[in-house]
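Coordinates in review
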Amino acid sequence: MSHPRILVARSVFPEVIARLEQHFDVTSNQPDETWSKAQLIEKLQGKDGAFTTGGERIDAEVLAACPTLKICANMAVGYNNFDIDAMTAAGVLATNTPDVLTETTADFGFALLMATARRITESEHFLRAGKWGKWSFDMFAGSDIHGSTLGILGMGRIGQGIARRGAHGFGMKVIYHNRSRLDAAQEAGCKASYVSKEELLRSADHLVLVLPYSPASHHSIGAAELALMKPTATLINIARGGIVDDAALALALREKRIAAAGLDVFEGEPRVHPDLLTLSNVVLTPHIASASVPTRLAMANLAADNLIAYFRDKKPLTPLNPAALASR
Ligand code: GLV
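Note that the structure is a prediction, hence the values are computed from the model and not measured.

**Examining the pattern of salt bridges**
- Applying the stated criterion to the full structure yields 17 salt bridges.
- Salt-bridge contacts for Asp 59 lead to Lys 37; the nearest nitrogen and oxygen are separated by 2.6 Å. One end of the pair, Asp 59, is in the loop between β3 (49–52) and α3 (60–65); the other, Lys 37, is in helix α2 (residues 37–44), and 22 residues separate them in sequence.
- The exposure class assigned to Asp 59 is buried, which follows from its relative accessible area of 13%.
- A relative accessible area of 30% means that Lys 37 is categorised as partly exposed.
- In this structure, Arg 128 engages Glu 124 in a salt bridge whose closest nitrogen and oxygen atoms are separated by 2.6 Å. Of this pair, Arg 128 and Glu 124 both sit in helix α6 (residues 120–128), four residues apart, which is roughly one turn of that helix.
- Judged by its relative accessible area of 65%, Arg 128 is exposed.
- Judged by its relative accessible area of 34%, Glu 124 falls in the partly exposed class.

**Points about the domain arrangement of the protein chain**
- Each assigned domain of the protein chain is listed here: domain 1 (5–100 + 293–327) and domain 2 (102–284).
- Taken over C-alpha atoms, the centre of domain 1 sits 32 Å from the centre of domain 2.
- Of the residues lining the interface, seven residues belong to domain 1; the matching set on domain 2 comes to five residues.
- Regarding the contact of domain 1 and domain 2, the summed buried area is about 560 Å², with carbon and sulfur atoms giving 41% of it.
- Taken together, the links from domain 1 to domain 2 amount to one salt bridge.
- With a closest N to O distance of 3.6 Å, Asp 99 and Arg 157 form a salt bridge.
- Along the lines of polarity and charge, the residues of the side of domain 1 that touches domain 2 split into three nonpolar, three polar and one charged.

**A word on the sheet that holds strand β6 (residues 149–153)**
- Read across the open sheet, the seven strands follow the order β8-β7-β6-β9-β10-β11-β12; overall the sheet is parallel. Of all the strands in the sheet, just β8 (192–194) and β12 (282–284) have a single pairing partner and so form its edges. Adjacent strand axes in the sheet meet at a mean angle of 20°, parallel and antiparallel pairs treated alike.
- Here β6 runs beside strand β7 (residues 173–177); their pairing, made up of five bridges, is parallel. The partner of Ile 152 across the bridge, within β7, is Tyr 176.
- Packed onto the sheet, helix α5 (residues 102–117) meets β6, β9 (206–209), β10 (234–237), β11 (260–263) and β12 and runs at close to 150° relative to β10.
- Strands in contact with helix α7 (residues 157–170) are β6, β7 and β9; relative to β6, the strand with the most contacts, it is inclined by about 175°.

Here is what the cut-offs are and how they apply
- Residues numbered from 1 in each chain as written.
- Predicted model: local features only at pLDDT ≥ 70, side-chain atom pairs only at ≥ 80, totals over all residues.
- Heavy atoms only, no water.
- Salt bridge = Lys/Arg side-chain N within 4 Å of Asp/Glu carboxyl O.
- Helix = DSSP H or I, 4+ residues; strand = E, 2+ residues; numbered from the N terminus.
- Buried < 20%, exposed > 50% of the residue type's maximum accessible area, 1.4 Å probe, protein only.
- Domains from an automatic or database assignment.
- Contact = heavy atoms within 4.5 Å.
- Buried area = accessible area lost by both parts, 1.4 Å probe.
- Nonpolar A, V, L, I, M, F, W, Y, C, P; charged D, E, K, R; others polar.
- Pairing = 2+ DSSP bridges.
- Axes fitted to C-alpha atoms, helices over the stretch in contact; angles between N-to-C directions.

This is the structure:
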């Protein structure tokens, strides 16, 4: 019997390709070429499944042009690159990679917060540029992390991981806002108190964004929200580009209406708003929050496991739209 045909849309660990090859007829993209939508459609012709990353948009146009496709396994927890309703309507299963990246991503959120508040990259650039002539009392003086108020917008698994680090590791007061309030045991576990979005913006010394991107969360932080924040506050975005209005943020940073920002994700990435690049009070990283070697390997293996399980017995591990299974 011939194996199902799989497209791996981006370069990935060779051992994961080797695993997939035990189960599938694999077309890979190990040179990591960047494909246009038309090229993606061409590569998907005749394929039964796809191993995707956040960069491949799977929408009604792609689905209509690729009628043999049955599953897309995303190597990411976020899945705003998938039009889930269109996939369900087409009977195409979507899967993502939750849980395996929670702690690594929370670690990075905290690292970015600390680098931003304590001006680590800005001061390193100064040192490397040979500008360090003498000690001075206010050189790169930033804001404290211990004992401050940590605000979290979006309190899923990663938000709770950041809250635990702040509350238990740094004695921070933790407040959060989320579509739905956590139950009492979850709140106690991360010592977090639920507040309104306005209260969160007004009270946080450090505000971390960890909510999923959707049309409803587009520009959740824009000029009006930034205006409510403390002038000493830092803003950290490890969620998705588009949740913050980057142009409004650049202006607020330039005018010192908030102290600093740490950004791992950008509207229209890998392009970065040019105004952000000119500012010294922003730490910029290229969407690497989940990028520890063990976690990226775990994510790739979970995406592969979803493909293997789907074609074995239609029991994927982390389905996003199980209704799609019913129509196959
Ligand atoms: C990364 O951004 C992810 O969604 O896993």
